Amino acid sequence: MDMATALDQEIDVVEEISVEPSYSIVIPAYNESARLGATLERVLAYVHSQGWDAEVIVVNDGSTDDTADIVLRRAAADPTLRLIENPGNRGKGYSVRNGMLHARGGVVLFSDADLSSPIEEAPKLFAALDAGADIAIGSRWLRTETQTQRQPLYRQVFGRVFNLMLRSTLGLKFKDTQCGFKAFRQNAVQAVFPLQKIERWGFDPEVLFLAQKLGYQIREVPVLWGHSGGTRIHPLVDGSRMFMEMLHIRWNDLTRKYDPTGAPGAHPAKAVRGGGPQI
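Now for a look at the structure at hand. Predicted model, so just to flag it, every value in this text is computed and none were measured. (Residues numbered from 1 in each chain as written. Predicted model: local features only at pLDDT ≥ 70, side-chain atom pairs only at ≥ 80, totals over all residues. Heavy atoms only, no water.)

A look at the packing of helix H2 (residues 33–49) against helix H3 (residues 67–77)
For any two helices packed against each other, one specifies the inter-axial angle together with the distance between the axes.
Then, in step 1: Their axes nearest at 9 Å, the elements H2 and H3 cross at an angle of 25 degrees. It follows from the interaxial angle that H2 and H3 lie roughly parallel. Considering the relative orientation of H2 and H3, their crossing is right-handed. Taken together, the residues of H3 that come into contact with H2 (itself represented by Ser 33, Leu 36, Gly 37, Leu 40, Glu 41 and Leu 44) are Thr 67, Ile 70, Val 71 and Arg 74.
Then, in step 2: For the contact of H2 with H3, the per-class residue count stands at 5 nonpolar, 3 polar and 2 charged. (Axes fitted to C-alpha atoms, helices over the stretch in contact; angles between N-to-C directions. Helix = DSSP H or I, 4+ residues; strand = E, 2+ residues; numbered from the N terminus. Parallel < 35°, antiparallel > 145°, perpendicular 65-115°, else oblique. Left-handed = near helix turned anticlockwise from the far one by under 90°. Contact = heavy atoms within 4.5 Å. Nonpolar A, V, L, I, M, F, W, Y, C, P; charged D, E, K, R; others polar.)

Written out as structure tokens, the structure reads:
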């Protein structure tokens, strides 16, 4: 191999490394056509205004509306955005895991599609990572004055009861595990999410339990948050399911199902479309 060929190969390697973004923003979406367009406009405008080297990933969870088409139309004009399609409707937990494990950023944030916590709050989480945390989780209850729109009373009661059970059963001492606004260093993503087993609403405590078990430093950060209508959580049905999932987390741990040596790899997306490389 001559020197010119070796230099060309070295340049190719540098260019391949350099395409990895600093940030990835993952947005799980199921039948979100009514608000996804406005969400993407706000997120992409903010990313570009900050000059971030970033990618925005929407994970379509088998939507029956035009959620995917909205993403593809926007991605055709903005390569920052790309679409991942789940193999059917699998749940929010599966969608978040799928997006996180396909994200290429050094820091990966997932956010609810309704932007209950505005994307403008992301620097607070990133600052916590810069200060030494491995994971930064948005919190509605660390400082209640940050809630711009309170939940209905019945949901507040359910949340407080569930939080108490998580403390006693899983040892999670956070004031808020369920806020859909969390940021991870890439090494934490690759360690935690392959171990995740819960695919629906109860995945947040499992992810935090795994991160804590693996010794990652988790920082809870107060963020602005406003209740958004149109939630798909049914207090009785999903509340009961989340309680059972909490018990499954404890059982999985006791039976060594979270052994990292047996962790599966990323669950492959059915398709990835839009800006960025195809997977």
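That was the structure; now back to the text.
Here we look at helix H8 (residues 203–213)
Helical periodicity: at 3.6 residues per turn, an α-helix aligns residues three or four positions apart in one direction.
Then, in step 1: For H8, a buried count of 9 out of 11 residues is recorded, marking the element as mostly surrounded by other parts of the structure.
Then, in step 2: Within the sequence span of H8, burial applies to Phe 203, Asp 204, Pro 205, Glu 206, Val 207, Leu 208, Phe 209, Leu 210 and Ala 211.
Then, in step 3: Downstream of H8 by a residue or two, Gly 215 has a phi angle that is positive, lying close to 90 degrees. (Buried < 20%, exposed > 50% of the residue type's maximum accessible area, 1.4 Å probe, protein only.)

Comments concerning unusual backbone geometry
Then, in step 1: The residue Leu 115 is not glycine, and still its phi comes out positive at about 50 degrees.
Then, in step 2: Its place among the elements puts Leu 115 in the loop between strand S4 (107–111) and helix H5 (122–130).
Then, in step 3: The backbone of Arg 256 shows a phi angle near 65 degrees, a positive value even though the residue is not glycine.

As for the side chain of Gln 196
Then, in step 1: Assignment of secondary structure puts Gln 196 in the loop between helix H7 (186–192) and H8.
Then, in step 2: On the basis of relative accessible area, Gln 196 is assigned to the buried category, the value being 3%.
Then, in step 3: For Gln 196, the side chain forms a polar contact with the main-chain oxygen of Gly 93, separated by 3.1 Å.
Then, in step 4: Dropping the residues within four chain positions of it, Gln 196 is found in contact with Gly 93, Tyr 94, Arg 97, Phe 203, Glu 206, Val 207 and Leu 210. (Polar contact = N/O pair within 3.5 Å; in protein donor to acceptor, adjacent residues only side chain to side chain.)

Worth remembering: the numbers are spatial, not functional.
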